[in-house]
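Below, each chain spelled out in residue letters.
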Amino acid sequence: MKLDIENKILFPFMILIMLSIIVLGMVSYLNGYHLLLDTKERHIKEELKESIIYIEDLNERITKGEIKIKNAKKEAINYFERVDKKGIFIIQNGNKILDNSEDIKINNFNDKGKIEKEEVIYIYERFKPWNWIIGYELKKDIFSKELLDMQKDTLLIAIIFLVISMEATILIAYNISRPIKMLADTCNKIAKGDLKEKIHLTRKDEIGVLARAFNNMIYQLQLNTKKLLKMKNFNEDILNNTSTGMITTDREGNIISINKSAQKIILKDKSKKEEINKSLKKQVNKTIKLEEEINDVYEYALGDNELFIDVTTSLLKTEDSKFSGVICSFNDITNRKRIEKRMEKVNRLTSTGQLAAGLAHEIRNPLSGMRMSVQILKRRLNNDKNSNKELLDGTLYEIDRINRLVSDLLNYAKPHHPEYEKIDGAFILKRSLELLRKNYEKKDIKINININDKSYIYVDKAQIEQVFINILANAINAMDKEGVLNINMDIDSKNYLKIEIKDNGCGISKKNISKIFDPFFTTDSKGTGLGLSVVHKLVVENKGLIKVNSKFNLEFPHFFESR
């Protein structure tokens, strides 16, 4: 049975008071018992003294010759039997000649004294002239009626005091427990969300101080709760009104919260809901596995249109930097992608204008040469037939230049969407070198290659092969005989595949580095100036990065098996 605070206070007090009264009553009863026993003992001693005096009187009569000793003893016994002295006993030579005691069991007596047993006391005296031992038996009866009659008033007072004490204890326990119960009831109501409750006590003791402190605590709790609710509502308003979708998950990837914008983006096309949720779930699990921030862009086909979602997942950490979940934020960047495509189209048109101007200039030069060669050929046709071969060779060379220019122009200008697949970057690089083997062996160029064999990337295979061939060919062309080409390929700490290509050729001047990706910019008299422009375009379309200083640096996102 569960006790409340009042009974927990009441029971110990009642037990303590009852024990105190019982102990006090027992002490009083024992004192009365010993007092009664002492009184009876004194009384017995008086009777014993009177009996001895009576026998001494009879012995004096014997001395005077008034009575014989035999008759005197008989008269004494008759006297004691007649007066019915309770508990008296007379022993002569170990034999009982008078015994009003219940059961005397003592044979060895001194001349005078007291023998105390567990239940009885014997008080006696020896009368030597007659060789009598005269004594009285006193029983130690602790619960005698006489003793109970003496102690009944004391017992009655103890019972009355016990009742009064219990009533007082109940009252004290109630007064102590009442404010504590009020505190407990108010705490329960506050725990259920009722912050309007207060404790109404006007006491000036410690309980009153506690009640006032409790009321002040409730007031502060009300203020802090209002502030917290206001801040919570403010944060919820921000999350619900921001255009960014926000999802939070726990350590296992289970969704904890999702705002309105996230629901709106996910439900923008119900047919793509499952696919979008799958993409978000996969990136969240990837962040949990790698414990790092990840950003990616997902593309979904919506009939004739497209949907682009930019997703960033990062770790959610506590104040002590412990991982507690993941924050997934994403935006619908379809409009931005459309603008980028329009800007790309504008840039392409602009480049096409530049290309047209350069093309007209580049085509005019070989055509002029061809025209002049044909005119001369016409005049010499009938005169010198041996020189016609050189003119025809020059014409073919200029025509080849126009063909190369048109091919580079088509590679640069025509749109071609990458077809992404998992490929081994090391294998593509090695195959590109194999295709250029005649070029570098002709110049006795030494190739130093350091490649990570597990260099998987997610790109368009044909486009990346074209990138490698263009860069390697550019490096080979820039070197003299017996040059050195160093190639390093490895995965960095950010999980990017880094490719470094460095040659010991003439290099690129600082003033030209910013122009090398411009169409028709070249320092090679035999080049078209479109090779590196095509390289830059293909690297960007495959989500890569290209930098040029004293060497070529390429970076592509490393392929993960969980992708």
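Data block above holds the structure.
In every chain, residue numbers begin from 1 and rise along the written sequence. With the structure being a predicted model, the display of local features is reserved for residues of pLDDT at least 70 and the display and counting of side-chain atom pairs for 80 or more, all residues being used for whole-chain, interface and lining totals. The side-chain quantities take in all heavy atoms of the structure and omit both hydrogens and water.

Chemist: Explain the side chain of glutamine 283 to me, using residue names and the numbers behind them.
Modeler: Only runs of H or I of at least four residues qualify as helices and only runs of E of at least two qualify as strands under DSSP, and these elements are numbered from the N terminus. Of note, glutamine 283 is situated in helix H6 (residues 273–290). Taking the relative accessible area as the measure of exposure, glutamine 283 reaches 2% and is therefore buried. Here the side chain of glutamine 283 touches tyrosine 298 through a polar contact of 2.7 Å, side chain to side chain. By definition, residues are in contact when any of their heavy atoms lie within 4.5 Å. Dropping the residues within four chain positions of it, glutamine 283 is found in contact with Ile294, Asn295, Asp296, Tyr298, Val311, Thr312 and Thr313. Note on exposure labels: buried denotes an accessible area under 20% of the residue type's maximum, exposed denotes more than 50%, and partly exposed covers the range between, all computed with a 1.4 Å probe on protein chains only. Here a polar contact is taken to be a pair of N or O atoms separated by no more than 3.5 Å, where protein atoms must pair a possible hydrogen donor with a possible acceptor and residues adjacent in sequence count only if both atoms sit in side chains.

Chemist: Break down the sheet that holds strand E8 (residues 294–302) for me, citing the residues and quoting the values.
Modeler: In any sheet, the strands associate via hydrogen bonds between backbone groups, in a parallel or an antiparallel arrangement. When DSSP finds at least two bridges between two strands, those strands are taken to pair. One open sheet holds the five strands; their spatial order is E7-E6-E10-E9-E8, and the pairing between them is antiparallel. In the strand order of this sheet, the two ends are held by strand E7 (255–258) and E8, each with one partner. With direction set aside, neighbouring strand axes in the sheet form an average angle of 20°. Two elements, strand E9 (residues 305–317) and strand E10 (residues 323–332), share nine bridges in a ladder whose sense is antiparallel. Every axis in this analysis is a line fitted to C-alpha atoms, fitted for helices over the stretch in contact. Angles between the N-to-C directions lie between 0 and 180 degrees.

Chemist: Which residues make up the pattern of salt bridges, and what values go with them?
Modeler: For this document, the term salt bridge refers to a Lys or Arg side-chain nitrogen within 4 Å of an Asp or Glu carboxyl oxygen. The full count for this structure, using the stated rule, is 13 salt bridges. As a salt-bridge pair, lysine 114 and glutamate 41 come within 2.8 Å of each other at their nearest N and O atoms. Highlighted residues: lysine 114 in strand E3 (residues 112–116) and glutamate 41 in helix H1 (residues 5–64), separated in sequence by 73 residues. Residue lysine 114 is classed as partly exposed on the basis of its relative accessible area of 41%. One salt bridge connects arginine 437 with glutamate 434, and the closest N-O pair in it is separated by 2.9 Å. Among the charged side chains, a salt-bridge network with shared partners connects Glu41, Lys45 and Lys114.

Chemist: Give me the lowdown on the packing of helix H9 (residues 425–435) against helix H11 (residues 461–478), citing residues and values where you can.
Modeler: Put simply, H9 and H11 touch, their axes get as near as 9 Å, and they point 50° apart. It follows that H9 is oblique to H11 by the angle criterion. For the pair H9 and H11, the crossing hand works out as right-handed. Within the contact between the two elements, H9 uses Gly425, Ile428, Leu429, Arg431, Ser432, Leu433 and Leu435 and H11 uses Lys461, Ile464, Glu465, Phe468, Ile469 and Leu472. Ten residues, namely Ala, Val, Leu, Ile, Met, Phe, Trp, Tyr, Cys and Pro, are considered nonpolar, four, namely Asp, Glu, Lys and Arg, are considered charged, and the remaining ones, Gly among them, are considered polar. Among the residues forming the contact of H9 with H11, the class breakdown is eight nonpolar, two polar and three charged. Each angle gets one of four labels, with under 35 degrees taken as roughly parallel, over 145 as roughly antiparallel, 65 to 115 as roughly perpendicular, and the rest as oblique. In this scheme the crossing of two helices becomes right-handed for a clockwise turn of the near helix relative to the far one and left-handed for an anticlockwise turn of less than a right angle.

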